[in-house]
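As a plain string of letters, each chain reads:
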Amino acid sequence: MNSDDVGLFGPGSVTWKVHEEPILLVAGLRSLYLQALHPRAMAGVAQNSNYRTDAWGRLVRTATYVATTIYGTTAEAEAAGLRLRRLHARMRATDPATGEEFRIDEPDLLRWVHVTEIESFLDTARRAGLPLTDDEVDGYYTEQRRAAALVGLDPQSVPGTAAEVAEYYRRIRPELRMTREAAETALFLTAPPLPWKLSLPVRVGLTLGPPRWAYFGIAGTALALLPAWARRMYGGLGLPTTALSADLTVRALRLALAALPRRYREGPMQQAAKARAARLTATPLGG
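These notes cover the structure that comes with them. (Residues numbered from 1 in each chain as written. Predicted model: local features only at pLDDT ≥ 70, side-chain atom pairs only at ≥ 80, totals over all residues. Heavy atoms only, no water.)

Here's the deal with the overall build of the protein chain
- Helices and strands together make up the secondary structure of the protein chain, namely 16 helices and two strands.
- In summary, the protein chain has a C-alpha radius of gyration of 19 Å against a globular reference of 19 Å for 287 residues, a match within 12%.
- With the C-alpha coordinates of the protein chain rotated into their principal frame, the extents come out at 65 × 45 × 35 Å.
- By the burial criterion, 43% of the 287 residues in the protein chain qualify as buried. (Helix = DSSP H or I, 4+ residues; strand = E, 2+ residues; numbered from the N terminus. Rg over C-alpha atoms; globule rule 2.2 N^0.38 Å. Buried < 20%, exposed > 50% of the residue type's maximum accessible area, 1.4 Å probe, protein only.)

Quick word on the packing of aromatic side chains
- A complete count under the given rule lists six aromatic pairs for this structure.
- Seen from their ring centres, Trp-112 and Tyr-169 are 6.3 Å apart, and the 70 degrees between their planes marks the pair as edge-to-face. Highlighted residues: Trp-112 in helix 6 (residues 107-127) and Tyr-169 in helix 9 (residues 162-172), separated in sequence by 57 residues.
- The rings of Trp-112, Tyr-168, Tyr-169 and Trp-229 are connected pair by pair, giving a single aromatic cluster.
- One Lys or Arg, Arg-40, reaches over the ring of Phe-102 and ends 4.1 Å from the middle of that ring. (Phe/Tyr/Trp six-rings, centres within 6.5 Å; stacked < 30°, edge-to-face > 60°. Lys NZ or Arg CZ within 6 Å of the ring centre and 35° of its normal.)

Some details on the packing of helix 4 (residues 55-71) against helix 16 (residues 268-281)
- Running from amino to carboxyl end, helix 4 crosses helix 16 at an angle of 10 degrees, the nearest separation of the two axes being 10 Å. Comparing the axis directions of helix 4 and helix 16 gives the class roughly parallel. In this structure, helix 4 contributes Ala-67, Thr-68 and Tyr-71 to the contact, and helix 16 contributes Met-269, Gln-270, Ala-273 and Arg-276.
- Looking at side-chain class alone, the contact of helix 4 with helix 16 contains four nonpolar, two polar and one charged residues. (Axes fitted to C-alpha atoms, helices over the stretch in contact; angles between N-to-C directions. Parallel < 35°, antiparallel > 145°, perpendicular 65-115°, else oblique. Contact = heavy atoms within 4.5 Å. Nonpolar A, V, L, I, M, F, W, Y, C, P; charged D, E, K, R; others polar.)

Some details on the nonpolar core
- Residues Val-18, Tyr-33, Leu-34, Trp-112, Tyr-140 and Tyr-169 are the most contacted members of the largest nonpolar core, which totals 65 residues.
- Tallying contributions element by element places helix 6 first for this core, with eight residues.
- What Tyr-169 contacts, discounting residues up to four positions off in sequence, is Leu-34, Trp-112, Val-115, Thr-116, Glu-119 and Trp-229.
- By size, the runner-up hydrophobic cluster in this structure holds six residues, among which are Met-42, Tyr-51, Ala-182 and Phe-188. (Core = buried A, V, L, I, M, F, W, Y, C linked by side-chain atoms within 4.5 Å.)

In structure tokens:
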């Protein structure tokens, strides 16, 4: 296997076009709110994760995994997938409704996490203003079947077009509900403990420093970006005006992020992937 290739996707892929967007930090939070509505998936997280005591560490590890699958070499992406599959294979949880013990790497649960994540990435990027054709949208879902395979899913069992994603949501909605664990998780996501450097204003006597208010804004936007049916499950109104307000906010945030220097908009793995791709596709002298 080539240890110095462009990875699972590479330049020219819809995946690289979508993940070029820093606004996906909002998308990641949106996907967590959505995932919490699946009682069995939520039980698996609550009973196996230290997200309450190490929220930011878990976020960094998840972001690193996603970046590796998107921008790492094929060998790096496959190694990351193997580590994740081995970790999941050891984990069990108890269904809160039936008392049944289950594996957290059940295909239905893995599929739910995968679909909510990639649909959140795509929906947020488009609503923030990233221009994508319908063919590119379907192309992104199809490309992401490669990421689904890394966690142990049969790629053909994963929705590969926008229509298939919409049908998947239609079929799974009867299984979703607002449980106590979902509500507690949503509250935690909305007001998590900030890293000590960011929460310094709180430590010196201020109730809510600027970082806290900024995070509240991002969390509120992520909630408002949920599908109308999911917002209703959280007790909100599934009104078109809510979605319009979220669209305006996320577009403004995308413009603000675009003004940042490149070193703040692109992670080291993304920069390394671009440099590697440029080197691998360069025309040899005399060629």
